[in-house]
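# Tertiary structure, described
Below are the chains, spelled out letter by letter.
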Amino acid sequence: MTKDEQKDKLIEEFLTAPVFDSDEIDLAKAERAVLSQIGSEHSAFRRAVILFQRTAAILIIPLLILTAYLALKDNDAPEPEPEAWQELSAPYGTLTQVNLPDGTKVWLNGGSSLRHPVRFRKGERTVSLVGEGFFEVTADKSNPFTVETAQMRLTATGTKFNIEAWQTDSVTSITMIEGRVSANFDNAAPIAMTAGQRLSFNRNTRKGRLAEVDPYKWYAWKDGLMVFRDDPLSYVFKRLEQTFNVNINVKNPEIATDLYRATFEDESLDEILRLLEHTAPIRFVYHEREKNSENLYLKKQIDVYQRIK
């Protein structure tokens, strides 16, 4: 047999011979091996999942307990009590002294009222005034003292001042006795004031006036005095109206500008009017008090005329 014939025979035997012996294949063993490998990988994954679940449970349970505790604590915490306020008034023709929780002293002129908290909050001491009040403020820079009226807001730390803020008067005034304050009207820029100054604001004209004055004249009422120093009679009548809750009607306008100088001490309205008749060219006519539809007395009406010499 030639070499080429031998070569062709070898190639034929190689191509026709099986790659492996089918009788030697164990299918069951092969299947078990594959399943074992798959099971091993599945077990590792399952163990990882279980470990993650246990770790998450360890972390979540304390968080749930803490959340529940905080919720119960918030529910059990008492609600903050509403701020309690007190309002004090001075009857017409009298004076009333008020001692505030911080030690500040306030004198109220007749017909005035003061509203203040029963206990001041930290960082502020705020009160509201209607009428006239003299303030002797306890010094406390960390807790500024504030007085509010319908037209004005005044801030101080420790000082003495007088405020006139009558509802029936278009003018609101501050008179400084000691120390410094900052005041602003209708949210305008604040104005700094020192002792001996008087600041007046007219809500009708929207104008203010700052002047140097003798302070005692403006707060002498605190000592039971009513002081007039070359003031027009129109101002004298206005002070009497505010203090005694009456209406004084000037029937001869020319007398309103007459200047008057006097000091009254603890006199009643009738006594003051009698003194005025003796010291000024005027006379008064009194009217009986009338009642309104609710059977309540209206203000006493007093007419003033020029007295013929």
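Along every chain, residues carry numbers that run from 1 in the direction the sequence is written. With the structure being a predicted model, the display of local features is reserved for residues of pLDDT at least 70 and the display and counting of side-chain atom pairs for 80 or more, all residues being used for whole-chain, interface and lining totals. No hydrogens and no water enter the side-chain calculation; it runs on all heavy atoms of the structure.

### Description of the pattern of salt bridges
- The working definition used for a salt bridge is a side-chain nitrogen of Lys or Arg within 4 Å of a carboxyl oxygen of Asp or Glu. All told, the structure shown has twelve salt bridges when counted by the stated rule.
- For the salt bridge of D102 with R125, the shortest nitrogen-to-oxygen distance reads 2.4 Å. Note that D102 is positioned in the loop between strand 2 (96-99) and strand 3 (105-108) and R125 in strand 5 (residues 125-136), a separation of 23 residues in sequence. In this structure, D102 and R125 share a single accessibility class: buried.
- E136 serves as the salt-bridge partner of K160, at 3.8 Å between the closest nitrogen and oxygen. In this pair, K160 sits in strand 8 (residues 160-165) while E136 sits in strand 5, placing the two residues 24 residues apart along the sequence.
- For every residue, the accessible area (1.4 Å probe, protein chains only) is compared with the maximum for its type, and the residue is labelled buried under 20%, exposed over 50%, or partly exposed between those bounds. Exposure remark for K160: the relative accessible area of 23% places this residue in the partly exposed category. Secondary structure elements are defined from DSSP: runs of H or I of at least 4 residues count as helices, runs of E of at least 2 residues count as strands, and each element is numbered from the N terminus.

### As for the nonpolar core
- Counting residues in each nonpolar core, the largest one holds 27 residues, and the members touching the most others are L114, F135, F161 and I163.
- Elements represented by at least two residues in this core include exactly strand 3, strand 5, strand 6 (145-148), strand 7 (152-156), strand 8, strand 9 (171-178), strand 10 (180-185) and strand 12 (197-202).
- Those residues in contact with I163, other than ones at most four positions away along the chain, are L129, G131, E132, G133, F135, V147, T149, M152, L154, S173 and I174.
- Residues I248, L269, L273 and I302 belong to the second largest nonpolar core, which totals 23 residues. To define a nonpolar core, start from buried Ala, Val, Leu, Ile, Met, Phe, Trp, Tyr and Cys residues and group those joined through side-chain atoms within 4.5 Å. Whether two residues touch is decided by their heavy atoms; if any such pair falls within 4.5 Å, the residues are in contact.

### Things to note about the pairing of strand 10
- Direction of pairing for strand 7 relative to strand 10: antiparallel, over a ladder of four bridges. Bridge pairing in strand 10 links M152 to F185.
- The rule for pairing is simple: two strands pair if DSSP sees at least two bridges between them. Inspection of the sheet shows strand 10 paired to strand 11 (residues 191-194) by four bridges, in the antiparallel sense. Paired with A183 across the strands is I191, a residue of strand 11.

### Points about the packing of helix 4 (residues 233-244) against helix 5 (residues 269-279)
- Here an angle of 0 to 180 degrees is reported between the N-to-C directions of two axes, which are lines fitted to C-alpha atoms, with helices fitted over the stretch in contact. At a closest axis distance of 11 Å, the pairing of helix 4 and helix 5 adopts a crossing angle of 165 degrees. By the angle class used here, helix 4 and helix 5 are roughly antiparallel. Considering only the axes of helix 4 and helix 5, their crossing is left-handed. Contact residues: V236, F237, L240 and F244 in helix 4; L269, I272, L273 and L276 in helix 5.
- Tallied by class, residues from the contact of helix 4 with helix 5 come to eight nonpolar, no polar and no charged. Under this scheme an angle from 65 to 115 degrees is roughly perpendicular, one under 35 degrees roughly parallel, and one over 145 degrees roughly antiparallel; angles in between are oblique. By convention, the crossing between two helices is left-handed when the near helix turns anticlockwise from the far helix through less than a right angle, and right-handed when the turn is clockwise. Amino acids outside the nonpolar list (Ala, Val, Leu, Ile, Met, Phe, Trp, Tyr, Cys, Pro) and the charged list (Asp, Glu, Lys, Arg) are all regarded as polar, and Gly is one of them.

### Remarks on unusual backbone geometry
- Positive phi, normally seen in glycine, also occurs at N245, with a value near 60 degrees.
- Take N245: it is sitting in the loop between helix 4 and strand 15 (246-250).
- A positive phi angle, close to 60 degrees, is found at D266, a residue other than glycine.
- Checked against the element boundaries, D266 lands in the loop between strand 16 (259-265) and helix 5.

### Overview of the environment of D266
- Judged by relative accessible area, D266 falls into the exposed class, the value being 63%.
- Through-space distance from the C-alpha of D266 to that of L225 is 6.4 Å; in sequence the pair is 41 residues apart.
- Excluding residues within four positions of it along the chain, D266 makes contact with G224 and E271.

### A look at the packing of aromatic side chains
- Pairing of aromatic rings covers Phe, Tyr and the six-membered ring of Trp, with a centre-to-centre limit of 6.5 Å; geometry is then stacked below 30 degrees between planes, edge-to-face above 60, and tilted otherwise. As enumerated under the stated definition, the model contains ten aromatic pairs in all.
- Ring geometry for F228 and Y235: centres 6.2 Å apart, planes at 80 degrees, overall edge-to-face.
- Owing to a relative accessible area of 1%, F228 belongs among the buried residues under this scheme.
- Owing to a relative accessible area of 16%, Y235 belongs among the buried residues under this scheme.
- An angle of 85 degrees between the planes, with centres 6.2 Å apart, marks the rings of F237 and F284 as edge-to-face. With F237 in helix 4 and F284 in strand 17 (residues 282-286), this residue pair connects regions lying 47 residues apart in the sequence.

Take it as geometry only, folks, not as evidence of what the structure does.
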